[in-house]
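Working through the structure, step by step
Take a look at the letters that make up each chain.
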Amino acid sequence: MKKISLLGATGSIGIQTLDVIREHPEQFKLVSMSSGKNVELTRKIIGEFKPEFVSVQEKADAERLKTEFPGVKISHGLEGLEEAAVFAESDILVNAVLGSVGLRPTLEAIRAGKTIAIANKETLVTAGHIVMEAARNQNVPVLPVDSEHSAIFQALQGEHEKNIERLILTASGGSFRDRTRDELQGVTKADALNHPNWSMGAKITIDSATMMNKGLEVIEAHWLFGLPYDQISVLLHRESIIHSMVEFHDTSIIAQLGTPDMKVPIQYALTYPDRLPLVSGKRLNLAEIGKLHFQEMDFDRFRCLKFAYEAGQAGGTLPAVMNAANEAAVAAFLEDRITFLQIEDLIESAMDQHSIIDNPDLETIQEVDKETRSFVDSLL
Ligand code: NDP
Ligand code: MG
């Protein structure tokens, strides 16, 4: 029986993690969880899964839940998020919270010796060097949940790192894949939220439309697999059937395929190195699909991907700046305060005005994260 801590239980990944736990009650038990402001769903999850520890974002919500569930330990805020991550009974932390607030809880869980299943890519983008070093020191595995990284991780089983030529991350292209830059003028929030292949949270759906999601994933891959940026490439693949690939020096390419379903990588991170049947999963029928398409990435069309390579290669605090500017800009777009193309402009301005600090510690990263959000706010 694997005991699970789940951060972001009420989100897209969180709910699908609960689906996996529900399918295998003899294998998995939810012992602690966090959610944000969705108290109604939190209540339902507590009722069904009976976790011992729960944290919500707001104090008032925590107080209410305490009276409703007297047998459950309930906490709130950033402290509560960290408490949920290190809950003594748990074996593995599934981090599916949104944004760089996921960083501290991840580090605390690593220090407490928990295995990490990471969906929260912003954590690795902002502080990959700190997270991976802490994991190495504590001998704690960091297992990917992101579908591309899970695909690469699966393709690398039994392989030697020295034989890798390059990683090939596939990109669906997001909601605006077939539009030119001119056609992006005046696109609406509803258009941007309409992803062709995946149903995900709002922020990552916008990140997919700007291609920042793939940019964040390039940096995430750099940290998870320890390869330089010139060995990490991106290929447009509109069907999202090949989830990513590894090319080896002998020209062999190993790919992982499947219907687009996040429950597959979530479950693999929970069962690794074993596998379990996925009862609710749909099997891939390649004959039915018939054709798969591939295309080179256009860095002028998808400027955010270029920013991410620049930030990753420059290193230091620049990825944290790019990420914070993106989080702030996407939030502003979702509040109808800016246009779609202004997201890119705000990220570019934030990166341009920043003087990079090399090898930053956690405090420096958090300071830079805060400063960047204020800078973006000042431009709105
Ligand atoms: P959602 O927006 O659907 O869910 C986010 C979760 O985090 C919710 O439970 C939300 O709570 C909670 N949350 C948000 N802000 C805070 C905060 N400040 N404090 C505490 N809790 C908070 O996001 P997704 O599930 O789509 O994504 C989660 C992470 O996984 C992201 O990093 C994303 O990039 C990554 N990811 C997602 C994929 C997907 O298919 N969705 C695929 C690969 C990676 P509430 O709703 O209760 O307010
Ligand atoms: Mg992904």
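Residues numbered from 1 in each chain as written. Chains lettered and ligands numbered in written order. Predicted model: local features only at pLDDT ≥ 70, side-chain atom pairs only at ≥ 80, totals over all residues. Heavy atoms only, no water.

As annotated in an unreviewed UniProt entry, the chain carries the name 1-deoxy-D-xylulose 5-phosphate reductoisomerase and is attributed to Mesobacillus subterraneus. We quote the UniProt Pathway (unreviewed entry) comment for the chain here in full: "Isoprenoid biosynthesis; isopentenyl diphosphate biosynthesis via DXP pathway; isopentenyl diphosphate from 1-deoxy-D-xylulose 5-phosphate: step 1/6." One UniProt comment on the chain, placed under Function (unreviewed entry), says "Catalyzes the NADPH-dependent rearrangement and reduction of 1-deoxy-D-xylulose-5-phosphate (DXP) to 2-C-methyl-D-erythritol 4-phosphate (MEP)." (UniProt positions renumbered as here; feature names shortened; annotations may be inferred.)

Looking now at the pairing of strand β2 (residues 28–34). In terms of residue burial, β2 counts as a mostly covered element, since six of its seven residues are buried. Regarding the hand of the β-α-β motif, the stretch spanning strand β1 (residues 2–7), helix α1 (residues 12–23) and β2 is right-handed. As defined by bridge partners, β2 adjoins strand β3 (residues 53–56) across three bridges and the pair is classed as parallel. Residue pairing in the sheet places Met33 in a bridge with Val54 of β3. Taking the sense of rotation as the criterion, the β-α-β connection linking β2, helix α2 (residues 39–49) and β3 turns out right-handed. (Buried < 20%, exposed > 50% of the residue type's maximum accessible area, 1.4 Å probe, protein only. Helix = DSSP H or I, 4+ residues; strand = E, 2+ residues; numbered from the N terminus. Right-handed = clockwise from strand over helix to strand, strands pointing away. Pairing = 2+ DSSP bridges.)

What UniProt calls "domain: DXP reductoisomerase C-terminal" (unreviewed entry) maps, in this numbering, to residues 257–374. Regarding residues 257–374, the helix share stands at 58% and the strand share at 3%, and the terminal C-alpha atoms are separated by 42 Å.

All right, on to the coordination of the magnesium ion (ligand 2) then. A four-donor tetrahedral metal ideally has 109.5 degree angles, and a six-donor octahedral metal ideally has angles of 90 or 180 degrees. Protein ligation of the magnesium ion (ligand 2) involves Asp146 (OD), Glu148 (OE) and Glu217 (OE), the donor distances falling in the range 2.1 Å. Positions of the donor residues of the magnesium ion (ligand 2), expressed as sequence spacing, correspond to D-x1-E-x68-E. In this pair, Glu148 sits in helix α7 (residues 147–155) while Glu217 sits in helix α10 (residues 212–225), placing the two residues 69 residues apart along the sequence. Pair check on accessibility: Glu148 and Glu217 agree, each one buried. (Donors = N, O, S within 2.8 Å, 3.2 Å for Na, K, Ca; no water.)

It is worth spelling out the sheet that holds strand β4 (residues 73–76) at this point. Backbone-to-backbone hydrogen bonds pair the strands of a sheet. The strands run either parallel or antiparallel. Taken together, seven strands build an open sheet; the order of strands is β4-β3-β2-β1-β5-β6-β7 and the sheet is parallel. Lying at the two open borders of the sheet, with one neighbouring strand each, are β4 and β7 (142–144). Averaged over all neighbouring strand pairs, the angle between strand axes comes to 25°, with direction disregarded. In this fold α2 packs onto β2 and β3, with an angle of close to 150° to the strand it touches most, β2. (Axes fitted to C-alpha atoms, helices over the stretch in contact; angles between N-to-C directions. Contact = heavy atoms within 4.5 Å.)

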